[in-house]
Amino acid sequence: MKQTLLTIPHEILGIPVFGAGWLLMIWLLWGAGTVTWLGRRQGWNRDTLSYLPMIAFGAAAITWLLPWLEAADSQGNPQGLAIRGYGVMFLIAVISGVGLTQQLARRAGLHPDIIFSMSFWCFVLGIIGARMFFVIQYWGDYYDPSNPADWTTLISRILKFTEGGLVVYGSLIGAMLAFLVIMRRHQLPKLATLDIFVPGLAIGLAFGRIGCLLNGCCWGGVCEDDFSCIHFPRGAPAYMEQLNNGQLLGIEATRDDAQSTRTVSSVVPGSLADQKGIVVGDQIRRLDSLSGEQLRSPARSDTRIAVTLARDQKAVVHWTLNQLPTKSLGVVPTQLFSSINAALIALLAWSWYPARRRDGELVAGMFTVYPLTRFLLEIIRSDEPGRWGTGLTIAQWVSILMLVVAGLLWARIFSRPAQLALPAPQSA
């Protein structure tokens, strides 16, 4: 886990890096140079002018969005922009995905500039869709009903997607909307063009899951085999989850929602809970924990967490921070499994493309293989609860829906004769 790789300072040589500063100047110079070069090479046509909205969008993001994302001190003075491991891997995912798609498009006879323009807008709406899916799913973690007027903090937290919090299925929905609009504009065959995007989408997902590992999200359940599991440091999401449910203290408990208590069902011998005299049958009324930032602060080593038991005297058991473990229990490395899974799908799609006989085979294949593997991976993940009174997570429900869509798509594909709107490359 490596959430922050480095921090870009707020100023260099007295000039701000973000806002009206160095980065904006570099971006505008690059944009002007690119448009001028394209205009001389291919004329001032629609493809050349399609770069202008992208340049304007980037300039707006540099001017207003990035300064908003900068960290600030206690007085509100900007201190710089933290470069997150998740964000870096996300950028690598985008570059690798677009590069692979352009390579395949060139072999299929499409101009790479069209794919680049299409990729940009699919990227923008894909990010919006992925973030909104996550925010809606975890709305309670973002919106504070006790302070409904604090919209500035709410919007700021929503926009910090580089720290994690993107859902693949939301990205697919957003990107698909952008794709359909651009397809209508350029009059390109939909299924044939979608096939070109599948390998790049899968390889981008493979790099993105490495970002999940660096960020500490999407973790798996507790495993006992130290060789095949990974441990997260104090304050990581997996650590906090295990602390809040009692696992890190050596407690297993069943929840009674009617009485708002948890009954201890087992205590690990020699654990922190066992050392404090917690026994099977004790009822936990309250477990006061701290935030991940507080747990990572060495200055708060004397801070206590408390477990209130429902005994006659309402016993309260304390542990100081320096008594807690420095790392989580071993968990299944689901992020790595997901990355390997996506890389294998990318390899399959890349090898399948020259052998396809009908347009849409790769899309239907992606909509078949990925939901199946994602459904199975969700079984060994423990970061999401079951929904709607079942043990199935939202991702599993969406996987089932995608399989239904895949079945309909396969039926449509095989109802047509074996022909291709775009040529398959002789060697991919």
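Use the structure listed above.
Computed from a predicted model, the values in this text were never measured in an experiment. (Residues numbered from 1 in each chain as written. Predicted model: local features only at pLDDT ≥ 70, side-chain atom pairs only at ≥ 80, totals over all residues. Heavy atoms only, no water.)

Q: How should I be thinking about the packing of aromatic side chains in this particular structure?
A: Geometrically, a pair of aromatic rings is defined through the distance of the ring centres and the angle of the planes. A full pass over the atoms with the stated rule returns three aromatic pairs. Their ring planes at 25 degrees and their centres at 5.7 Å tell us that W410 and F414 sit as a pair that is stacked. With W410 and F414 both in helix α15 (residues 394-414) and four residues apart, this pair spans about one turn of that helix. By the ring-pair criterion, three or more aromatic residues cluster together here, those being W352, W410 and F414. The residue whose ring lies beneath R356 is Y353, and the NZ or CZ to ring-centre distance is 4.1 Å. (Phe/Tyr/Trp six-rings, centres within 6.5 Å; stacked < 30°, edge-to-face > 60°. Helix = DSSP H or I, 4+ residues; strand = E, 2+ residues; numbered from the N terminus. Lys NZ or Arg CZ within 6 Å of the ring centre and 35° of its normal.)

Q: Any chance you could explain a positive patch on the surface here in plain terms?
A: The grouping of R184, K190, R412 and R416 at the surface amounts to a positive patch. The residue R184 is located in helix α8 (residues 168-186) in this model. (Patch = residues over 30% accessible without salt bridge, like charges linked within 9 Å, V, L, I, M, F, W, Y side chains within 5 Å. Areas by Shrake-Rupley, 256 points an atom, 1.4 Å probe, with all protein chains shown as cover. Salt bridge = Lys/Arg side-chain N within 4 Å of Asp/Glu carboxyl O. Lys, Arg positive; Asp, Glu negative; His and termini not counted. Charge placed at Lys NZ, Arg CZ, Asp CG, Glu CD.)

Q: Any chance you could explain the pairing of strand β5 (residues 78-84) here in plain terms?
A: Within a regular strand, the side chains alternate between the two sheet faces. The pairing of strand β1 (residues 4-8) with β5 spans four bridges and is classified as antiparallel. The residue bridging L6 from the neighbouring strand is I83, located in β5. For strand β4 (residues 71-72) and β5, the ladder comprises two bridges, and the chain directions are antiparallel. In the strand pairing of β5, A72 is matched with P78. Linkage of β4 to β5, two consecutive antiparallel strands, is achieved through a turn of five residues, within which G76 is found at a positive phi near 90 degrees. (Pairing = 2+ DSSP bridges.)

Q: Which parts of the structure should I look at to understand a nonpolar patch on the surface?
A: The grouping of L125, I128, M132, I136, I173 and L177 at the surface amounts to a nonpolar patch, some 570 Å² of accessible area in total. The set of elements that each furnish at least two residues to the nonpolar patch consists of α5 (112-137) and α8. Of note, I173 is situated in helix α8.

Everything listed here is a matter of geometry and, on its own, says nothing about what the molecule does.
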